[in-house]
Amino acid sequence: MLYYANQGEFSIRRPARITRYTLTRDSIFDSRRAKNTQTNEVEIASEESAYLRSFFVYDDFNNIQKFYGSKRYIDAEKRFGHLIHLDISKCFDSVYTHSLPWAVYGKEAVKSNLKHHSRTFGDEFDKVVRTMNDNETHGILIGPEFSRIFAEIILQRIDLETRVKLTNAGFIHDVDYRIYRYVDDYFIFMKRSEDRDVLVRHLEGAMAPYRFHLNYAKEAHHVTPFMSDMSMAKAKLRRGLEYELQLAVEQSGASRVYIFASSAKRLIECYKTVLSSTGLGPNELSNFVMAEVEHLLETQLSKVDRSDVHVEDIVPVADFVARDKNRRQIQKMLAAAAEFCFFVYSGSSKVSPSIKLARIVSLLRKFVRQVSLPKVLLDELDDLVYRELLSQLRRTPLSAEASIESLYLLTALGDLPRHYLLGAAELASSVGIERNEEGHYVVPSWFNVLIVSEVLRYMKDAEEFTELRLCIQEWVFTKVTAMQSSHGRAAEEPLLVLNCLGCPYLPNTFKASLLALYNVEDPETRESILSTGQKWFTGWHEFDLHDALQRKRFQEVY
């Protein structure tokens, strides 16, 4: 994989080597303190990592935004006056899996001698990817790292063939033009704007045999100096957020004084002003804003010394008053950040922003507990979080079209103390469970193992949810029975069954009925399975939401 994914020179996001596992500690909390609070989405060659975020270490950019403003980008900007930015239309959905062997060995060589290419690397990789996608040859799974590698190998071949075509047409790379490719995004730098048609035509020609096509609707042409609306928006937002979301620390005699001079209103005004001035929408900026706020909070909260806010023993009145003021300033910043993040999310209820929102909320709550702020301050923060989460869940409850993003909101809601627990009717409405004409709860057909597990974890063994638990048990049994009788076995089947067997909130009688579907009816064998206490894929007890979402952060490949 490493060899075939490093054939061309256009790619700026390619696997360099297999990741080495190293352990670091957190940026704020004592359990994992790190020197650098910025988190990469995948391993990059020049850095060690906290968790195995990806199987491979990548050259040279782990995020496309890091390419803008990089030395390579600026050098190309100085040497070439024009830039064309294009991407491949529906890249992963367009991948024809049989083209992987073509990219590795050559299309004609493979087609003319199919038998000799059986069981080769290209053929085996093709089979594995097809098997994971119901044996489909058109399109590959979106999300797994191996899909990125699979596509990269094909795109590397296209890079090589593009350069050959352009050389034959009299265009010399690094003289007349320079191409950088980040996955399916092409940056074509050129000296003369009139060369655009020839350069793009040969790139499209190299793609055609592999069934890829450029998305001309998203084509952008820039002239030096290159500055897109997105670049301007991010620069303005970064400066504005750094200015507003700042916890100043001043020395007053022997004491340190914390000052937060901004507010949620000012943060929201900063965000709105940038949206208005650039013409961009919330969907284009919400993910960036959430990431910036998270990074800034980690930086600002790391300034706080527990001794400046905590009163362990009897202290002079002046010290008590000073520390109380510090605590109020910190609480003011936390509340402003939380309210601002909920406002940003309300304009773009997508999966990635929802993950970041849940992580920011868990960060704030964990920090308050970490520095032992008074319970009244934690209660104020919890009240705000509860109101905002409930408002968003009511606005966008779980549905067939949008389940994962709302599920993270439910997870964050479940992290609050139990007195914030929703009623059965409210919970059912939030997760898309409705009553039928007979008045019984009915679980929708689009439920899956993730939703079932999260709803069960939220309800735990609370008595008011007995009816909901029973209807979920009925849905699980029916679902597993249907999957058993279907052609082929779905990966969801063992995930669902094992999770239910490990769930401490489901009765053993129900678990026994599941085991009976697999002919496990011997009481001793059944008891042996159920008594292991294996949690399988869900942490049912002592769940640290912030820690879990940090791991999710480290595992983000895209």
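Residues numbered from 1 in each chain as written. Predicted model: local features only at pLDDT ≥ 70, side-chain atom pairs only at ≥ 80, totals over all residues. Heavy atoms only, no water.

Engineer: Tell me about the overall build of the chain, and name the residues and values.
Structural biologist: Along the backbone of the chain there are 22 helices and 11 strands. Its C-alpha radius of gyration of 27 Å places the chain within 12% of the 24 Å reference for a compact globule of 558 residues. Dimensions along the principal axes, computed over C-alpha positions, put the chain at roughly 80 × 75 × 45 Å. When each of the 558 residues of the chain is scored for burial, the buried share is 49%. At a minimum sequence separation of 6, the contacts of the chain that also span at least 24 residues come to 72%. Taken as a whole, the chain presents about 26400 Å² of accessible surface, with 52% of it coming from carbon and sulfur. Considering the chain, the positive charge centre built from 71 side chains and the negative charge centre built from 76 side chains are found 5 Å apart. (Helix = DSSP H or I, 4+ residues; strand = E, 2+ residues; numbered from the N terminus. Rg over C-alpha atoms; globule rule 2.2 N^0.38 Å. Buried < 20%, exposed > 50% of the residue type's maximum accessible area, 1.4 Å probe, protein only. Contact = heavy atoms within 4.5 Å. Areas by Shrake-Rupley, 256 points an atom, 1.4 Å probe, with all protein chains shown as cover. Lys, Arg positive; Asp, Glu negative; His and termini not counted. Charge placed at Lys NZ, Arg CZ, Asp CG, Glu CD.)

Engineer: Requested: an account of unusual backbone geometry, with residues and values cited.
Structural biologist: Each neighbour pair has its own omega, and for Thr224 with Pro225 the value is -5 degrees, a cis peptide bond. Mapped onto the fold, Pro225 is located in the loop between β7 (220-223) and α9 (229-244). Non-glycine residue Lys90 carries a positive phi angle of around 50 degrees. The residue Lys460 is not glycine, and still its phi comes out positive at about 50 degrees. Turning to its location among the elements, Lys460 is positioned in the loop between α17 (449-459) and α18 (466-485).

Engineer: Which residues make up the side chain of Asp382, and what values go with them?
Structural biologist: Residue position: Asp382 is located in helix α14 (residues 375-395). Classification of Asp382 as buried rests on a relative accessible area of 1%. Residues in contact with Asp382, not counting those within four places in the same chain, are Arg365, Leu416, Pro417 and Tyr420.

Engineer: Quick one: what's the story with the packing of α18 against helix α20 (residues 508-516), residue by residue and with numbers?
Structural biologist: It is the contact of α18 with α20, at a shortest axis distance of 10 Å, that shows an interaxial angle of 5 degrees. In terms of orientation, α18 lies roughly parallel with respect to α20. Contact with α18, carried on its side by Gln473, Val476, Phe477 and Val480, involves Phe510, Ser513 and Leu514 of α20 and no other residues of that element. When the residues that make up the contact of α18 with α20 are grouped by side-chain class, the tally is five nonpolar, two polar and no charged. (Axes fitted to C-alpha atoms, helices over the stretch in contact; angles between N-to-C directions. Parallel < 35°, antiparallel > 145°, perpendicular 65-115°, else oblique. Nonpolar A, V, L, I, M, F, W, Y, C, P; charged D, E, K, R; others polar.)

Engineer: Residue-level account of the pairing of strand β8 (residues 248-252), with values.
Structural biologist: Sheet analysis places β8 next to strand β9 (residues 255-259), joined by five bridges and oriented antiparallel. Directly across from Glu250, in β9, lies its bridge partner Val257. The turn joining β8 and β9, which pair antiparallel and follow one another in sequence, is formed by two residues; a positive phi near 65 degrees is taken by Gly253. (Pairing = 2+ DSSP bridges.)

Engineer: A description of the confidence of the model for the chain should follow, citing residues and the corresponding values.
Structural biologist: Counting all residues, the mean pLDDT for the chain is 87, and 90% of those residues have values of 70 or more. In this model, residues 46-50 is a region of pLDDT below 50 whose contacts with residues beyond four sequence positions or in other chains number 13 contacts. (pLDDT = per-residue confidence, 0-100.)

Engineer: How would you sum up a nonpolar patch on the surface? Please name residues and give values.
Structural biologist: Nonpolar side chains collect at one region of the surface, where Leu495, Trp536 and Phe537 lie side by side and expose about 300 Å² of accessible area between them. Assignment of secondary structure puts Leu495 in helix α19 (residues 492-502). What makes Leu495 partly exposed here is its relative accessible area of 33%. (Patch = residues over 30% accessible without salt bridge, like charges linked within 9 Å, V, L, I, M, F, W, Y side chains within 5 Å. Salt bridge = Lys/Arg side-chain N within 4 Å of Asp/Glu carboxyl O.)

Engineer: Could you give an account of the sheet that holds strand β6 (residues 185-190), naming the residues involved and the relevant values?
Structural biologist: Strands sit in the order β5-β6-β4-β7 across an open sheet of four strands; the sheet is antiparallel. Single-partner strands in this sheet number two, and they are β5 (177-182) and β7. Within the sheet, the average angular offset between the axes of one strand and its neighbour, ignoring direction, is 15 degrees. Sheet topology note: the strand β4 (residues 82-87)/β6 ladder contains six bridges and is antiparallel. Bridged to Leu83 within β6 is Phe189. Contacting β5 and β6, helix α7 (residues 145-168) crosses the sheet at an angle of about 170 degrees to β5. In the packing of helix α8 (residues 196-207) onto the sheet, contacts are made with β4, β5 and β6, and the angle to β6 comes to roughly 145 degrees.

Engineer: Please provide a residue-by-residue account of the nonpolar core, values included.
Structural biologist: Here is a general trend for soluble globular proteins: nonpolar side chains tend to be buried in one another's company. Grouped together as the largest cluster of nonpolar side chains are 103 residues, with contacts concentrated most on Leu468 and Val476. Per-element accounting of this core gives the leading share, 11 residues, to helix α12 (residues 317-346). Contacts of Val476, omitting those with residues within four sequence positions, involve Val452, Leu496, Cys500, Phe510 and Leu514. Core analysis: the second largest hydrophobic core is formed by 55 residues, Phe10, Phe92, Val183 and Ile188 among them. (Core = buried A, V, L, I, M, F, W, Y, C linked by side-chain atoms within 4.5 Å.)

Engineer: I'd like to hear about the pattern of salt bridges, residue by residue, with values.
Structural biologist: Summed over all chains, the structure comprises 26 salt bridges. Salt-bridge contacts for Asp379 lead to Lys375; the nearest nitrogen and oxygen are separated by 2.9 Å. Note that Asp379 and Lys375 are positioned in helix α14 at a spacing of four residues, about one turn of the helix. Between Glu454 and Arg457 there is a salt bridge, and its shortest N-O distance comes to 2.5 Å. Of this pair, Glu454 and Arg457 both sit in helix α17, three residues apart, which is roughly one turn of that helix. Just as Glu454 is buried, Arg457 falls in that class too.

Engineer: An account of the packing of aromatic side chains is needed here, citing residue identities and associated values.
Structural biologist: Where two aromatic rings form a pair, the distance of their centres and the angle of their planes describe that pair. This structure, assessed with the given rule, holds 23 aromatic pairs. Arranged with centres 5.2 Å apart and planes meeting at 40 degrees, the rings of Tyr386 and Tyr420 form a pair that is tilted. Of this pair, Tyr386 sits in helix α14 while Tyr420 sits in the loop between α15 (404-414) and α16 (424-431), and the two are 34 residues apart along the sequence. Ring centres 6.1 Å apart and planes at 85 degrees place the aromatic pair Tyr505 and Trp540 in the edge-to-face group. Residue Tyr505 is found in the loop between α19 and α20, and its partner Trp540 is found in the loop between α21 (523-530) and α22 (545-555); the two are separated by 35 residues along the sequence. Here the aromatic residues Phe61, Phe67, Tyr68, Tyr73, Tyr180, Phe187 and Phe189 are joined through ring pairs into a cluster of three or more. (Phe/Tyr/Trp six-rings, centres within 6.5 Å; stacked < 30°, edge-to-face > 60°.)

Engineer: So what's going on with the side chain of Ser354? Residues and values would help.
Structural biologist: Note that Ser354 resides in helix α13 (residues 351-370). Non-local contacts of Ser354, meaning those with residues more than four positions away in its chain, are made with Tyr345, Glu405 and Tyr408.

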